[in-house]
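So the chains spell out like this:
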Protein chains: 2
Amino acid sequence: MSRSAYLAGPEVFLPDAAARFEAMKAACAQFGFIGKAPLDNQLTPLAHLTPTEVSREIYRANVETMRACEFGIFNLTPFRGPSADVGTAFELGFMTALGKPVFGYANAAGDYLDRVTARKIHQAPGRPATWHDENGWEIEDFGNADNLMVDSALAISGAALIRHDPHPADPPGDLTAFHACLRRARDYFARLDAPI
Amino acid sequence: MSRSAYLAGPEVFLPDAAARFEAMKAACAQFGFIGKAPLDNQLTPLAHLTPTEVSREIYRANVETMRACEFGIFNLTPFRGPSADVGTAFELGFMTALGKPVFGYANAAGDYLDRVTARKIHQAPGRPATWHDENGWEIEDFGNADNLMVDSALAISGAALIRHDPHPADPPGDLTAFHACLRRARDYFARLDAPI
């Protein structure tokens, strides 16, 4: 039986989302996995529902798919700001709490700190300098790709967040980092399945 | 025994974070709850650790605090972009998966769509128009405050995300919406504890 992977990421917002997920599923199949996209869980007709109700039904379908999958692969590329898509971050937290293995990548090689307008603040002598944004809020400076909850959940699950600057012609179509996650997942389960 | 509330939000990045959380804990106490902030779980000395290791230890402490708390209150105010802080979104997903009640607010009254540079795309006749950002990615148009996973998790847990435009003098110090969450939590547990 092939293991199933929940494919979380902002690709759901691409006009050609279905085709994008087909390419990712084909990659999963090459590694012996079954990829499941948020869009897969086709719902009963939604035409009679309000927009709010539609969004709740999509949520329920995504939660059901996460519960059914054995692990998750998360596209944590910065989305409309310096951080990952919050829907993907929510799902990473959700699958982490369920105790499922999580793998993730960002199609952006830099640190979080590099993406926020920052100035270094020198405080009292003996205290380390800190970075602050234009509104005076501190900026994390741990060398992570994103908020420490995101990077740490992945690292503690078994594989650090993979960073990669994608091909500029079609960044979401560059599956280099996605493939790297699949390799790590394959190795993870190979160790799990190995005879003692 | 008072119930304990995990206080999730970007206040951890404020220079006066400890004082901010003290004010929130005082509000919790007025409602009969014990507020627990991410900063509470004081760690063993971190001076000998690398920055990456420090961030992992903070993660572990936050996860431990979430597991120990009976419910969560989430500050989902837009942070460095149109969406909530991804650390807070991760934690919302985490506590949702644990089956703990979650309450949340945003100190921003508008819809998500209002905060993203948007243009309306009219597609083929008979298909509804959709909103796209400047890069061509679709923008959710469900009337939610943020990504549908965030709004829906709260609504399905029992209380919709509370939206409020805070006092401009000190937005993070305006606890109006935080108080509204505390009232909802009090009502939630009162119903739970009521004799049949």
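Look above for the structure.
Note that the structure is predicted; figures quoted are calculated from it, not measured.

Enquirer: I tried to follow the sheet that holds strand β1 (residues 3-8) of chain B on my own but got confused; where do I start?
Expert: Whether parallel or antiparallel, the strands of a sheet pair through hydrogen bonds between backbone atoms. Residue and element names in this part refer to chain B. The strand order β2-β1-β3-β4-β8 describes an open sheet built from five strands, whose pairing is parallel. With one partner strand each, in any of the chains shown, β2 (33-36) and β8 (162-163) form the two edges of the open sheet. Here strand β4 (residues 102-106) pairs with β8 via two bridges, running parallel. Opposite Y105, over in β8, you have I162 as the bridge partner.

Enquirer: Explain the packing of aromatic side chains here, please?
Expert: Ring pairs (aromatic) are described by centroid distance and by the angle formed between their planes. Residues and elements named next belong to chain A. In this structure the tally under the stated criterion is 22 aromatic pairs over all chains. Cluster of aromatic residues (ring-pair linked, three or more members): F33, F71, F103, Y188 and F189. Above the ring of F13, the side-chain terminus of R80 is found at 5.9 Å from the ring centroid.

Enquirer: I tried to follow the nonpolar core on my own but got confused; where do I start?
Expert: Nonpolar side chains tend to gather and get buried jointly when the protein is soluble and globular. One finds L76(A), L92(A), L76(B) and L92(B) to be the most contacted residues of the largest nonpolar core, which totals 54 residues. Setting aside residues no more than four positions away along its own chain, L92(A) makes contact with F74(A), L76(A), V102(A), V150(A), L154(A) and F90(B).

Enquirer: In this structure, what is going on with the packing of helix α2 (residues 51-68) of chain A against helix α3 (residues 86-97) of chain A? I would like to understand it.
Expert: To describe two helices that pack against each other, one gives the angle between their axes and the distance between the axes. All names here are of chain A. Between α2 and α3, whose axes approach to 10 Å, the crossing angle comes to 40°. Here α3 runs oblique to α2, going by the angle between their axes. α3 is crossed by α2, and the crossing has right-handed handedness. Residue-level contacts link Y59, N62, V63, M66 and R67 of α2 to F90, E91, F94 and M95 of α3.

Enquirer: Teacher, can you tell me more about empty space enclosed by the protein here?
Expert: Where empty space is left in the structure can be found by rolling a water-sized probe over the atoms. In this structure the tally under the stated criterion is four cavities of 30 Å³ or more. Estimated volume of the largest cavity: approximately 180 Å³. Around the largest cavity sit 23 residues that line it, and S83(A), A84(A), F79(B), S83(B) and A84(B) are the ones nearest its centre. Tallied by class, residues from the lining of the largest cavity come to 11 nonpolar, six polar and six charged.

Enquirer: Help me understand the interface of chain B and chain A in this model?
Expert: When the parts of a complex come together, some accessible area is lost, and that lost area is often taken as the interface size. Counting residues at the interface gives 57 residues for chain B and 57 residues for chain A. Of all residues in chain B, the largest losses of buried area upon contact with chain A belong to R80(B), W137(B) and M149(B), amounting jointly to 18% of the total for that side. On the surface where chain B and chain A come into contact, there are two salt bridges. Measuring nitrogen to oxygen at the nearest pair gives 2.9 Å for the salt bridge that ties R80(B) to D133(A). Applying the counting criterion to the chain B and chain A interface returns 18 residue pairs in polar contact (both at pLDDT 80 or more). At the level of secondary structure, the elements contributing two or more residues to the side of chain B that touches chain A comprise α2 (51-68), α3 (86-97), β7 (138-139) and α5 (148-157) of chain B.

Cut-off values and rules
- Residue numbers restart at each chain and count upward from 1, following the sequence in its written direction.
- Written order determines the labels here, with chains lettered from A and ligands numbered from 1.
- At least 70 in pLDDT is required for a residue's local features to be given in this predicted model, at least 80 for side-chain atom pairs to be given and counted, and no such filter applies to totals for whole chains, interfaces and linings, which use all residues.
- The side-chain values count all of the structure's non-hydrogen atoms but skip hydrogen atoms and water molecules.
- Whether two strands pair comes down to DSSP finding at least two bridges between them.
- Strands are runs of DSSP state E lasting at least two residues, helices are runs of H or I lasting at least four, and both sets are numbered from the N terminus onward.
- The aromatic pairing rule takes the rings of Phe, Tyr and Trp, using the six-membered ring of Trp, and pairs them if the centres are within 6.5 Å, calling planes under 30 degrees apart stacked, those over 60 edge-to-face and the rest tilted.
- Charge-over-ring contacts are defined here by two conditions on Lys NZ or Arg CZ: a distance within 6 Å of the ring centre and an angle within 35 degrees of the ring normal.
- The criterion is simple. A nonpolar core is a set of buried Ala, Val, Leu, Ile, Met, Phe, Trp, Tyr and Cys residues joined through side-chain atoms within 4.5 Å.
- Each residue's exposure class comes from its accessible area (1.4 Å probe, protein chains only) as a fraction of the maximum for that residue type: buried when under 20%, exposed when over 50%, partly exposed otherwise.
- By definition, residues are in contact when any of their heavy atoms lie within 4.5 Å.
- Axis lines are fitted through C-alpha atoms, for helices just across the contact stretch, and the angle between N-to-C directions can take any value from 0 to 180 degrees.
- Working definition: roughly parallel below 35 degrees, roughly antiparallel above 145 degrees, roughly perpendicular at 65 to 115 degrees, and oblique for all remaining angles.
- Helix crossings get a hand from a simple test, with the near helix turned counterclockwise from the far one by less than a right angle marking a left-handed crossing and a clockwise turn marking a right-handed one.
- Site definitions follow a grid-based scheme: protein atoms alone, a 1 Å grid, a 1.4 Å probe that fits but cannot get out for cavities, and for pockets an open set with protein on both sides within 12 Å along at least five of seven lines, plus lining residues having an atom within 4 Å of a point.
- Grid points are joined across faces, edges and corners, and a volume is the space filled by probe spheres set on the points.
- In the scheme used here, Gly and all other residues not listed as nonpolar or charged are polar, with Ala, Val, Leu, Ile, Met, Phe, Trp, Tyr, Cys and Pro taken as nonpolar and Asp, Glu, Lys and Arg as charged.
- By convention, the term buried area covers the 1.4 Å-probe accessible surface removed from two parts as they join, with the contributions of both added.
- For salt bridges, the criterion is a side-chain nitrogen of Lys or Arg within 4 Å of an Asp or Glu carboxyl oxygen.
- Polar contacts here mean pairs of N or O atoms no more than 3.5 Å apart (in protein, one a potential hydrogen donor and the other a potential acceptor; neighbouring residues in sequence count only if both atoms are side-chain atoms).

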